[in-house]
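Geometric and topological summary
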Amino acid sequence: MHGLILAGGEGSRLAASGITTPKALVPVGGVPQLLRLVGTFERLGCESVTCLLREGISDAPLQALRRPGRVPPSVYYCSTPSSLHTLVEGLGHVPPGPVFASMVDTIMPWSDWDRTHRAISAALASGADAVLVVTPYVADERPLYVRRDPTGRVVELGDVPVTPPCVTGGVYGLGTRARSLAIEALDQGLERMRAFLGLLVRRGTLVVAVEVPRIIDLDDRTDLEAANRWQEFCAGDGSTPV
């Protein structure tokens, strides 16, 4: 499975809260988030790791990974206007095959990265078109709620809260059909990732959910403070890649 890290956003909400460092380079537990994610993807065994990075952001932290015998991640720069544009551009650089994709601001402990990667691999191999990593931990200002059937299949996505709580977490598994539908969604004029995910469900593709207890997205200063307080992630879980 190929890894794809999406870091094409401007991080405007983070900047508005006083964090001037680009989101991809914000340190969590002392490690720039982009570097942490690349190391995590490598440790998961991704066949390749592709990063879509906003133009103007330095990839200097990744130089630490350019060592003899180590295949560095492929970095491409973009100035895309939306999350779906970034996804489609990124998929264009990723070799054929299943994709394990994450937004650059996704924070989870190593144990959950490992478990979700295994679950996504198994689900895609068993015929799922896409997999959403979901969580009952709702901390986004505009969460995307997920309704599942008893088998774990996603049957509805939207802004209306569900009981028990369940929202998307910024990590996705994409098979061949989902990759093709991402391009189609963009051609239809859709722009946001949530619109693409909604299209997958409406088209009747097999979208399944994998749940983890908690995910933090780095949207503002309070999120960063919460991530740095989260000792399960920041201290002692072995996820630091360098």
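As a reminder, the structure under discussion sits directly above these lines.
The structure contained in this document is the topic of the report that follows. (Residues numbered from 1 in each chain as written. Predicted model: local features only at pLDDT ≥ 70, side-chain atom pairs only at ≥ 80, totals over all residues. Heavy atoms only, no water.)

1. Here we look at the pattern of salt bridges
As a working rule, side chains carrying opposite charge can pair if their charged atoms are close by. Summed over the entire model, instances satisfying the criterion amount to 10 salt bridges. Here aspartate 112 ties to arginine 115 by a salt bridge, and the two come within 3.8 Å at their closest N and O atoms. Of the two residues, aspartate 112 and arginine 115 both sit in helix H4 (residues 110-125), 3 residues apart, roughly one turn of that helix. The salt bridge involving arginine 118 is made with aspartate 114; its shortest N-O contact spans 3.2 Å. One end of the pair is arginine 118 and the other is aspartate 114, both in helix H4 and 4 residues apart, which spans about a single turn. Counted as one network, the salt bridges with shared partners bring together Lys23, Asp105 and Asp219. (Salt bridge = Lys/Arg side-chain N within 4 Å of Asp/Glu carboxyl O. Helix = DSSP H or I, 4+ residues; strand = E, 2+ residues; numbered from the N terminus.)

2. Examining the pairing of strand E4 (residues 49-54)
On a regular strand, one side chain projects to one face of the sheet and the next to the other, so that they alternate. Within E4, 6 of the 6 residues are buried, which leaves the element mostly enclosed by the surrounding structure. Residues Val49, Cys51 and Leu53 of E4 are buried on one face, and the alternating residues Thr50, Leu52 and Arg54, pointing to the opposite face, are buried as well. The pairing of strand E1 (residues 2-7) with E4 spans 5 bridges and is classified as parallel. Across the sheet, leucine 4 pairs through a bridge with threonine 50, a residue of E4. Relative to strand E5 (residues 74-78), E4 is paired through 5 bridges, and the arrangement is parallel. The residue bridging threonine 50 from the neighbouring strand is serine 74, located in E5. (Buried < 20%, exposed > 50% of the residue type's maximum accessible area, 1.4 Å probe, protein only. Pairing = 2+ DSSP bridges.)

3. Some remarks on helix H5 (residues 176-187)
With 12 residues, H5 should cover 16 Å at 1.5 Å per step; its first-to-last C-alpha distance of 17 Å lies within 8% of that length. Ala178, Arg179, Leu181, Ala182 and Ala185 are the residues of H5 that are buried. Along the axis of H5, the buried positions cluster into a sector of 165°, meaning they face one direction only. Set apart from the buried face of H5 by more than 90 degrees, the exposed residues are Thr176 and Asp187. Summarising the contacts, the buried residues of H5 are in contact with helix H3 (83-93), strand E6 (99-103), strand E8 (130-135), strand E11 (167-174) and helix H6 (193-202). Glycine 189 lies just past H5 and shows a positive phi near 95°. (Expected span 1.5 Å × (residues − 1). Arc of directions from axis to C-beta. Contact = heavy atoms within 4.5 Å.)

4. Overview of helix H2 (residues 33-44)
Between the first and last C-alpha of H2 there are 16 Å, a value that for 12 residues agrees with the 16 Å anticipated at 1.5 Å per step. Along H2, 10 of the 12 residues are buried, which leaves the element largely enclosed by surrounding structure. Looking only at H2, the buried set comprises Gln33, Leu34, Leu35, Arg36, Leu37, Val38, Gly39, Thr40, Phe41 and Leu44. Taken from the residues just after H2, glycine 45 is the one with a positive phi, measuring 95°.

5. Here's the deal with the side chain of threonine 205
Among the structural elements, threonine 205 can be located in the loop between H6 and strand E12 (207-211). Separated by 2.6 Å, the side chain of threonine 205 and the backbone oxygen of leucine 200 make a polar contact. Setting aside its immediate chain neighbours within four residues, threonine 205 contacts Asp129, Arg153, Arg177, Leu181 and Leu200. (Polar contact = N/O pair within 3.5 Å; in protein donor to acceptor, adjacent residues only side chain to side chain.)

6. Considering the nonpolar core
Nonpolar side chains in soluble globular proteins tend to be buried together. Formed by 36 residues in total, the largest nonpolar core has its most connected members in Leu4, Leu87, Leu174, Phe196 and Leu197. Looking at which element gives the most residues to this core, the answer is H6, with 6 residues. When sequence neighbours within four positions are dropped, the list of residues in contact with phenylalanine 196 reads Leu84, Leu87, Leu174, Ala178, Leu181, Ala182 and Ala185. Core analysis: the next-biggest nonpolar cluster, separate from the first, contains 34 residues, Met1, Leu34, Leu62 and Val131 among them. (Core = buried A, V, L, I, M, F, W, Y, C linked by side-chain atoms within 4.5 Å.)

Spatial relationships are all this shows, so hold off on functional conclusions.
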